[in-house]
Amino acid sequence: MTQTIGRRERKKAATRKSLADAALRLFLDRGYDQVSIRDIAEAADVSTTTLFKHFPSKEALVFDEDTDQEAALVAAVRDRTPDQSIPQALREHIKHVRISPGDSDARFSAFLDLVRNTPALSAYANRMWTRHQDALAHAIAHEIGAEAIDPRCAALARFVLEAPGLAHAADDPHRAVDAAFDLLEHGWDAAGHTAGGVKA
């Protein structure tokens, strides 16, 4: 029984990977809007019905890492070094996975360009990314000994997840991330901002 379930799960995982790989290959070669669901199913040698059993939408085919992303965010908090604060650990994680993850991988850089230049994909990616807020907030709360619904932890999680979007709109994304996390860690007063000589 266990072996049968194991084989079934491995087959499902292999089909899912085949579909995701075929979709990404076609999207990069032709462009997202020029590829249909039928094109992807044929490239993976499955029916469109089988495709929809694994992925609920065309956008979902590009993002087959939702669970891994959430686990990595939680691990960044849980497994940080003793001398790191939670914001410091999350700053490093965000820079690594959201700002310059494709520095040494041309194919992944092409994937990022595809997402950023395709409105349907960028909107889907943002929705997928920000829905990790509760898991991240709970991880932060656990680390500081707070209640799971602590509003401070929820606020920090929300701001952390929004930071990459703000950074990508800036001329220097790395500097923008640093500015956002400096504010998160040290607060507005420590930022030393003034407006017309009066503290803002």
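This report concerns the structure included in the present document. Keep in mind the model is a prediction, meaning the values are calculated, not measured. (Residues numbered from 1 in each chain as written. Predicted model: local features only at pLDDT ≥ 70, side-chain atom pairs only at ≥ 80, totals over all residues. Heavy atoms only, no water.)

## Concerning the overall build of the chain
Inference 1: From N to C terminus, the chain includes 10 helices and two strands.
Inference 2: In sequence order, the secondary structure elements of the chain are arranged as α-α-α-α-α-α-α-α-α-α-β-β.
Inference 3: Here the chain holds 200 residues, and 34% of them are scored as buried.
Inference 4: Sequence separation of 24 or more characterises 61% of the internal contacts of the chain that already satisfy a separation of 6 or more.
Inference 5: Carbon and sulfur atoms form 51% of the exposed surface of the chain, whose accessible area is close to 12,100 Å². (Helix = DSSP H or I, 4+ residues; strand = E, 2+ residues; numbered from the N terminus. Buried < 20%, exposed > 50% of the residue type's maximum accessible area, 1.4 Å probe, protein only. Contact = heavy atoms within 4.5 Å. Areas by Shrake-Rupley, 256 points an atom, 1.4 Å probe, with all protein chains shown as cover.)

## Describing the packing of aromatic side chains
Aromatic ring pairs are reported here in terms of the distance separating the ring centres and the angle at which the planes meet.
Inference 1: Summed over all chains, the structure comprises one aromatic pair.
Inference 2: Judged by centre distance (4.9 Å) and plane angle (55°), the ring pair of Phe-27 and Tyr-32 falls under tilted. When sorted by exposure, Phe-27 lands in the same class as Tyr-32, which is buried.
Inference 3: Over the aromatic face of Phe-55 sits the side chain of Arg-16, whose NZ or CZ is 4.2 Å from the ring centroid.
Inference 4: Directly above the aromatic system of Tyr-32 lies the positively charged group of Lys-58, at a separation of 4.2 Å from the ring centroid. (Phe/Tyr/Trp six-rings, centres within 6.5 Å; stacked < 30°, edge-to-face > 60°. Lys NZ or Arg CZ within 6 Å of the ring centre and 35° of its normal.)

## Details of helix α8 (residues 133-144)
Inference 1: Taking 1.5 Å per residue as the helical rise, α8 with its 12 residues ought to reach 16 Å, and the 17 Å between its terminal C-alpha atoms agrees with that figure.
Inference 2: Those residues of α8 not exposed but buried are Gln-133, Leu-136, Ala-137, Ala-139, Ile-140 and Ala-141. (Expected span 1.5 Å × (residues − 1).)

## Description of the nonpolar core
Inference 1: Counting residues in each nonpolar core, the largest one holds 27 residues, and the members touching the most others are Phe-27, Ile-40, Leu-61 and Phe-63.
Inference 2: Counting only elements with at least two residues in this core, the list comes to α1 (2-30), α2 (37-43), α6 (106-116) and α7 (119-130).
Inference 3: Counting residues per element, this core draws most heavily on α1, at seven residues.
Inference 4: Grouped together as the second largest cluster of nonpolar side chains are 21 residues, Ala-137, Ala-141, Ala-157 and Phe-181 included. (Core = buried A, V, L, I, M, F, W, Y, C linked by side-chain atoms within 4.5 Å.)

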